[in-house]
Amino acid sequence: QVQFVESGGGLVQPGGSLRLSCVVSGNIFSISAMAWYRQAPGKQRELVADILRDFSTNYADSVKGRFTISRDNAKNTVYLQMNSLKPEDTAVYYCHLHNTYSGLRDWGQGTQVTVSS
């Protein structure tokens, strides 16, 4: 079973930055697509960004130019650098793994990001 350790969330003022990290156990990280999703109160969970095995990336329009997803396969870690944060970025952010060989999909426990003055 895959285990996740997410970190980096917190309270930040508008315009500030945070970097989220997600460490994944096991030996399937490098062959998996990774993503960050978020869920705000009363809203559906939405894709923020993903990064495939070939390091290609995709972003939601709302975060393009402000957020950067990256991965370090040697550390089994995916990152989300978030700059120019806005109050509407406030949400619980979840790490997601998709092993495209086995079909396994799994979620991290989530980390709270609050953007407020």
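The rules behind these values
Residues numbered from 1 in each chain as written. Predicted model: local features only at pLDDT ≥ 70, side-chain atom pairs only at ≥ 80, totals over all residues. Heavy atoms only, no water. Helix = DSSP H or I, 4+ residues; strand = E, 2+ residues; numbered from the N terminus. Rg over C-alpha atoms; globule rule 2.2 N^0.38 Å. Buried < 20%, exposed > 50% of the residue type's maximum accessible area, 1.4 Å probe, protein only. Contact = heavy atoms within 4.5 Å. Salt bridge = Lys/Arg side-chain N within 4 Å of Asp/Glu carboxyl O.

*Asks:* Just give me the short version of the overall build of the protein, but keep the residues and values in it.
*Replies:* Counting its secondary structure elements, the protein contains zero helices and 11 strands. Helices and strands appear in the protein in the N-to-C order β-β-β-β-β-β-β-β-β-β-β. Against the compact-globule benchmark of 13 Å for 117 residues, the protein has a radius of gyration of 14 Å, which places it among compact chains. Projecting the C-alpha coordinates of the protein onto the three principal axes gives extents of approximately 45 × 25 × 25 Å. Counting all 117 residues of the protein, 44% fall into the buried class. The contacts of the protein with a sequence gap of at least 6 include a subset with a gap of at least 24, amounting to 54%.

*Asks:* Give a detailed account of the pattern of salt bridges, specifying residues and quantitative values.
*Replies:* As enumerated under the stated definition, the model contains four salt bridges in all. Residue Asp-61 is joined to Lys-64 by a salt bridge in which the shortest nitrogen-to-oxygen separation is 3.1 Å. With relative accessibility at 65%, the residue Asp-61 sits in the exposed group. One salt bridge connects Arg-66 with Asp-89, and the closest N-O pair in it is separated by 2.8 Å. Highlighted residues: Arg-66 in the loop between β6 (57-59) and β7 (67-72) and Asp-89 in the loop between β8 (77-82) and β9 (91-99), separated in sequence by 23 residues. Each member of the pair, Arg-66 as well as Asp-89, carries the same accessibility label: buried.

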